Amino acid sequence: MKKIISVVGARPNFMKIAPIHLQFLKQKDRIQHLICHTGQHYDEKMSKVFFDELGLPVPDFYLGIGSGSHAVQTAGVMVAFEKILLEEKPDLVIVAGDVNSTIACSLVAKKLHIAVAHVEAGLRSFDRTMPEEINRILTDTISDYLFVTEETGLENLKNEGIPDEKVFFTGNVMIDSLVSNLPRIDASGVRRELGIDGDPYMLVTLHRPSNVDERESLAAILRLLNKQGRGRKVVFPVHPRTRSNIKNFGLEAEISPEIILTEPIGYFDFLHLVKNALLVLTDSGGIQEESTFLGVQCVTLRNNTERPITVKVGTNHLAGTDIGKVEGIIGEVLAGRVKKGGIPPLWDGKAAQRICQQLIDLSHR
Ligand code: UD1
């Protein structure tokens, strides 16, 4: 019997580990799969709702780390996770994505000579001012098995000297969650609840430090939303980081009452809103992928993307952060200059199956 611990910490991890957990459940007789939640995200609406909706069990370990500076958060996770590993002695630790919990747990595992698998390896924005880029590079450098979502990941890892035999192009587990939950996503009544049933609307999400941690950038984006809100409905579920910055910068009164502001929204409801939107305006990584899969126009408020396949093959428009230019691109898309878009290779709902099979095969070597 092999013991595997998967780590989740922040919201985007939950939909990546859920399909892997469901695959391991089918192999219960040979794999004991445990889940460790670091508690990086802890609000009910940022965490528990995803566990419930995605069929994740109550985590076997909850570290309760919470918020803090990068050092405080990363170090807190490391100290607590080391105790778990010393006690449990798993054969493998699985980490996903690029959040602080990802690098913290992979580093602890490797120092204890425990194998690490990184799900969503190889993505690079080539922007080392992003905390996620540092997390990605470091996690990939020390991982034993690297599972890649798009072909650029293979190239990036090769260029960084990661040996080919550690790297597997298995597809996108986030899309697995989307595919398997489509009926529940379609059944959501969230548009009715928000009073926008049948109306065309723009969906907005913002949380990158580069957009929301400086008063002037955040204020400029809010002015853009106010303008957009005059022509159509704008739905804006506000991330906790963004909400607290809006408050701290005294920008609450600057937001037009026409903008529909909400708390963070659960998985089914949120994907329902993406699927039916006229356009999504975002700085998220995962939403660039989900909108590409759903064929929805996505305008990305960033200067770079670690997911270039969504621009090359999908419906993503990389708009930069110059608000005048972003406005121009939104105008063009709304005027009908849309990207038709296709679905990237291996974004087929079977990535977790391929990853688990690969891990089982490797364990027999
Ligand atoms: C983290 C990830 C980012 C990911 C994002 C998704 C890192 C470095 N960043 O950013 O890659 O895209 O999650 O959401 O790991 N807060 C709450 N309740 C919560 C969680 C956070 O109120 O449940 C507030 C706290 O004030 C906290 C702030 O949000 O200080 C930021 O949380 P944190 O986990 O540090 O970073 P995110 O911006 O969420």
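The structure contained in this document is the topic of the report that follows. (Residues numbered from 1 in each chain as written. Predicted model: local features only at pLDDT ≥ 70, side-chain atom pairs only at ≥ 80, totals over all residues. Heavy atoms only, no water.)

Some points on the environment of Cys-36
The condition that has to hold: Segments assigned H or I by DSSP are reported as helices when at least four residues long, segments assigned E as strands when at least two residues long, and all are numbered from the N terminus. Burial classes follow relative accessibility: with a 1.4 Å probe on protein chains only, a residue under 20% of its type's maximum area counts as buried, one over 50% as exposed, and anything between as partly exposed. Working rule for contacts: check all heavy atoms of both residues, and any pair within 4.5 Å makes them a contact.
Along the polypeptide, Cys-36 turns up in strand 2 (residues 31–37). Under the relative-accessibility criterion, Cys-36 is labelled buried at 0%. Sequence-wise, Cys-36 and Val-7 are 29 residues apart; in three dimensions their C-alpha atoms are separated by 4.9 Å. When near neighbours in sequence (up to four residues on either side) are disregarded, Cys-36 contacts Ile-5, Ser-6, Val-7, Val-8, Phe-61, Leu-63 and Phe-81.

Comments concerning the sheet that holds strand 9 (residues 233–237)
The following threshold applies: We treat two strands as partners when DSSP finds at least two bridges between them. Every axis in this analysis is a line fitted to C-alpha atoms, fitted for helices over the stretch in contact. Angles between the N-to-C directions lie between 0 and 180 degrees.
With parallel pairing, 6 strands are arranged side by side in an open sheet as 10-9-8-11-12-13. With one partner strand each, in any of the chains shown, strand 10 (260–262) and strand 13 (316–318) form the two edges of the open sheet. Adjacent strand axes in the sheet meet at a mean angle of 20°, parallel and antiparallel pairs treated alike. Looking at chain direction, strand 8 (residues 201–205) and strand 11 (residues 279–282) are connected through 4 bridges and run parallel. Counterpart to Thr-205 in the pairing with strand 11 is Thr-282. In the packing of helix 13 (residues 267–275) onto the sheet, the strands contacted are strand 8, strand 9 and strand 11, and the crossing angle to strand 8 comes to about 130°. Packed onto the sheet, helix 16 (residues 323–334) meets strand 8, strand 11, strand 12 (298–300) and strand 13 and runs at close to 165° relative to strand 11.

Notes on the pairing of strand 4 (residues 92–96)
When you tally the buried positions in strand 4, you get 5 out of 5 residues, the bulk of the element. A two-sided burial pattern is seen for strand 4, the buried positions comprising Leu-92, Ile-94 and Ala-96 on one face and Val-93 and Val-95 on the other. Two elements, strand 1 (residues 2–8) and strand 4, share 3 bridges in a ladder whose sense is parallel. Within strand 4, the residue paired with Ile-4 across the bridge is Leu-92. Judged from the 5 bridges that link them, strand 4 and strand 5 (residues 115–121) form a sheet pairing that is parallel.

Looking at the nonpolar core
So the rule is basically this: The criterion is simple. A nonpolar core is a set of buried Ala, Val, Leu, Ile, Met, Phe, Trp, Tyr and Cys residues joined through side-chain atoms within 4.5 Å.
Counting 55 residues, the largest nonpolar core has Ile-20, Ile-94, Leu-203, Tyr-267 and Leu-359 as the members making the most contacts within it. Looking at this core, the element that brings in the most residues is helix 17 (residues 351–363), giving 7 residues. Setting aside anything within four residues of it in sequence, one finds Tyr-267 in contact with Met-15, Phe-50, Glu-53, Leu-54, Met-174, Ser-177, Leu-178, Asn-181, Ile-185 and Glu-290. Core analysis: the second largest hydrophobic core is formed by 27 residues, Leu-224, Leu-251, Ile-259 and Val-333 among them.

With respect to the packing of aromatic side chains
Formally: Centres within 6.5 Å make a pair out of two Phe, Tyr or Trp rings, where for Trp the six-membered ring is used; the pair is then stacked when the planes are under 30 degrees apart, edge-to-face when over 60, and tilted otherwise.
Across all of its chains, the model carries 4 aromatic pairs by this definition. A centroid spacing of 5.3 Å and a plane angle of 65° characterise the contact between Phe-14 and Phe-51, whose relative ring orientation is edge-to-face. With a gap of 37 residues between them, Phe-14 in helix 1 (residues 11–25) and Phe-51 in helix 2 (residues 48–54) connect regions that are remote in the sequence. Each member of the pair, Phe-14 together with Phe-51, is buried. In this structure an aromatic cluster arises from ring pairing among Phe-14, Phe-50 and Phe-51.

Considering the site of the ligand
In plain terms, the rule: Here, proximity means that at least one heavy atom of the residue falls within 4 Å of the molecule or strand. Pairs of N or O atoms within 3.5 Å make up the polar contacts considered here, provided that, within protein, one atom can donate a hydrogen while the other can accept it, and that residues adjacent in sequence are counted only when both atoms are side-chain atoms. The Shrake-Rupley method, run with a 1.4 Å probe sphere, supplies the accessible areas, and residue values consider only the shown protein chains as cover. Here the term charged refers only to Asp, Glu, Lys and Arg, the term nonpolar to Ala, Val, Leu, Ile, Met, Phe, Trp, Tyr, Cys and Pro, and the term polar to all other amino acids, Gly among them.
Lining the immediate environment of the ligand, one finds 19 residues, of which Gln-40, His-41, Asn-100, Glu-132 and Arg-241 sit closest. Taking Asn-100, its main chain carries an N or O atom lying 2.8 Å from an oxygen atom of the ligand. Protein burial of the ligand: of its 750 Å² of free accessible surface, 86% is covered by the chains. A per-class count over the shell around the ligand returns 6 nonpolar, 8 polar and 5 charged.

Details of the side chain of Asp-98
One can find Asp-98 in the loop between strand 4 and helix 4 (100–111). You can call Asp-98 buried: its relative accessible area is 10%. One polar contact links Asp-98 to Arg-136, side chain to side chain, over a distance of 2.9 Å. Sequence-distant contacts of Asp-98, defined by excluding residues within four places in its chain, comprise Glu-132, Asn-135 and Arg-136.

Regarding unusual backbone geometry
Excluding glycine, most residues fall at negative phi; most peptide bonds, likewise, are trans. Here His-113, not a glycine, exhibits a phi torsion of approximately 60°, which is positive. Topologically, His-113 is positioned in the loop between helix 4 and strand 5. Even without glycine at this site, Phe-126 takes up a positive phi of about 60°. Here Phe-126 falls in the exposed class, since its relative accessible area comes to 65%.

Brief notes about the sheet that holds strand 1
Strand order in the open sheet made by the 7 strands is 3-2-1-4-5-6-7, with parallel pairing throughout. Of all the strands in the sheet, the pair left with one neighbour each is strand 3 (61–62) and strand 7 (167–169). Bridge analysis of strand 2 against strand 3 gives 2 bridges, and the strand direction is parallel. Within the sheet, the bridge partner assigned to Cys-36 lies in strand 3 and is Phe-61.

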